[in-house]
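# Inside the fold
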Amino acid sequence: MSIESVRSTSSRHHAMPWAAVVEPKSAEEQRAQISALAGRIGLLAAADRLTVVVAESLTAGRISQALGAVPASAEWFGGGVIAYQDVTLHRLLGVQPGPVVSAQCAEQTARAVMENVGADVSVAVTGVAGPGPEEGQPAGTVFISVSTRSAVRTFPHRFEGSPEAVVALTTITALRHLREVLLD
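The following refers to the structure shown. (Residues numbered from 1 in each chain as written. Predicted model: local features only at pLDDT ≥ 70, side-chain atom pairs only at ≥ 80, totals over all residues. Heavy atoms only, no water.)

### Things to note about the packing of aromatic side chains
Which entries qualify depends on this criterion: Any Phe, Tyr or Trp ring, taking Trp's six-membered ring, that has another such ring centre within 6.5 Å forms a pair; planes under 30 degrees apart are called stacked, those over 60 apart edge-to-face, and the others tilted. Relative accessibility decides the category of a residue: with a 1.4 Å probe and only protein chains considered, values under 20% of the type maximum give buried, values over 50% give exposed, and everything between is partly exposed.
Inspection of every chain in the model, using the stated rule, returns 1 aromatic pair. Their ring planes at 50° and their centres at 6.0 Å tell us that Trp 76 and Phe 77 sit as a pair that is tilted. The same class applies to Trp 76 as to Phe 77, namely buried.

Printed below as a string of structure tokens:
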């Protein structure tokens with residue numbers, strides 16, 4: 001497995017189709033899925049001696065919580081930044097002024113947290129949980145970026161459901177994307 005094999009899609013993210021994920025799961029099933037994904041990420045990262053970090057807006061720490069709960073996570077999990085307000089994204093992570101519910105913001109935060117910590121791979125999420133729109137984007141609009149030292153991959157999504165459902169689906173999907181990059 002080579003972390004360097006990740007292909008950059010940052011120049012093509014606007015042409016990507018919106019990925020719709022509808023997973024009606026109970027809260028217990030979601031917790032189990034999140035735990036399993038985080039555990040697999042931990043095994044992959046530890047095996048390759050990689051440090052993983054997170055930048056979260058929409059999920060407000062839920063991804064970090066899942067990764068930090070994995071046994072021996074201190075060996076591979078470098079931590080995360082929860083930047084819920086725009087000012088935090090701009091000051092702490094150097095996000096350029098402009099819409100924060102965007103692929104560009106997700107990419108900038110993924111790169112910034114990885115570089116600031118000196119990690120090998122990062123995942124970043126931004127979006128609108130709802131119930132209403134923000135920045136002209138409808139509720140359920142989410143951008144997830146996974147970055148390595150050589151490339152960043154960005155995935156646009158539009159999830160259905162309550163704000164709680166959007167956060168849960170974003171957490172699960174971000175962990176899936178992170179796992180896919182670690183498997184590449």
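Moving on, there is more to tell.
### Digging into the sheet that holds strand E5 (residues 152–158)
Rules: Strands qualify as paired when DSSP identifies two bridges or more between them. Strands here mean DSSP runs of E at least two residues long; helices mean DSSP runs of H or I at least four residues long; both are numbered from the N terminus. Note on geometry: axes are lines fitted to C-alpha atoms, helical ones only across the stretch in contact, with angles between N-to-C directions running from 0 to 180 degrees. Contacts: residue pairs with any heavy atoms within 4.5 Å of one another.
Spatial strand order, E2-E1-E3-E4-E5: 5 strands in an open sheet with mixed pairing. Each edge of the sheet is formed by a strand with only one pairing partner; in this case those strands are strand E2 (77–82) and E5. Going across the sheet, the axis of each strand differs from the next one's by a mean of 15°, ignoring polarity. Strand direction decides the pairing type here: strand E3 (residues 121–127) and strand E4 (residues 141–148), joined by 7 bridges, are antiparallel. Of the residues in E4, the one forming a bridge with Ala 124 is Ser 145. On top of the sheet, helix H5 (residues 163–183) reaches strand E1 (52–56), E3, E4 and E5; it is set at about 25° to E4, its chief contact.

### What about the pattern of salt bridges?
Convention followed: By convention in these notes, a salt bridge is any Lys or Arg side-chain nitrogen within 4 Å of a carboxyl oxygen on Asp or Glu.
Inspection of the entire model under this criterion finds 2 salt bridges. As a salt-bridge pair, Asp 184 and Arg 153 come within 3.0 Å of each other at their nearest N and O atoms. On the criterion of sequence distance, the pair formed by Asp 184 in the segment after H5 and Arg 153 in strand E5 is long-range, its members being 31 residues apart.

### Let's talk about unusual backbone geometry
A cis geometry characterises the amide bond from Gly 130 onward to Pro 131, with omega recorded as 15°. With respect to the element layout, Pro 131 can be found in the loop between E3 and E4. Despite not being glycine, Ala 60 shows a phi value in the positive range, around 50°. For Ala 60, the location among the structural elements is in the loop between E1 and helix H2 (62–68). On the accessibility criterion, Ala 60 (44% relative accessible area) is partly exposed.

### Comments concerning the pairing of E1
Heads up, the condition is: Here, the term right-handed applies to a crossover whose path from the first strand over the helix to the second runs clockwise when the strands point away from the viewer.
Most of E1 is tucked away, with 5 of its 5 residues classed as buried. Going residue by residue along E1, you find Val 52, Val 54 and Glu 56 tucked away on one face and Val 53 and Ala 55 tucked away on the opposite face as well. Where E1 and E2 come together, 5 bridges link them in parallel fashion. Opposite Val 53, over in E2, you have Gly 79 as the bridge partner. What joins E1 to E2 is H2, and the crossover it makes is right-handed. Note: E1 against E3, 5 bridges, orientation parallel. What sits directly across from Val 53, in E3, is Ser 122.

### Considering the packing of helix H3 (residues 86–93) against helix H4 (residues 103–117)
Filter applied, for reference: In what follows, roughly perpendicular refers to angles from 65 to 115 degrees, roughly parallel to angles under 35, roughly antiparallel to angles over 145, and oblique to any angle outside these ranges. Crossing chirality is assigned from the near helix's rotation relative to the far helix, an anticlockwise turn below a right angle marking it left-handed and a clockwise turn marking it right-handed.
Close contact between H3 and H4 brings their axes to 10 Å; oriented N to C, the two are set at 45°. When the axes of H3 and H4 are compared, the pair comes out oblique. Crossing of H3 over H4 shows left-handed handedness. Between H3, through Leu 89, Leu 92 and Leu 93, and H4, the contact on the second element is made entirely by Cys 105, Thr 109, Ala 112, Val 113 and Asn 116.

### A word on the side chain of Thr 170
Take Thr 170: it is sitting in helix H5. Residues within four places of Thr 170 in sequence aside, it is in contact with Leu 58, Thr 59, Val 125, Val 142, Ile 144 and Phe 159.

### Digging into the environment of Leu 183
Here Leu 183 shows up in helix H5. Each C-alpha atom, one on Leu 183 and one on Leu 44, is 7.4 Å from the other, the two residues being 139 residues apart in sequence.

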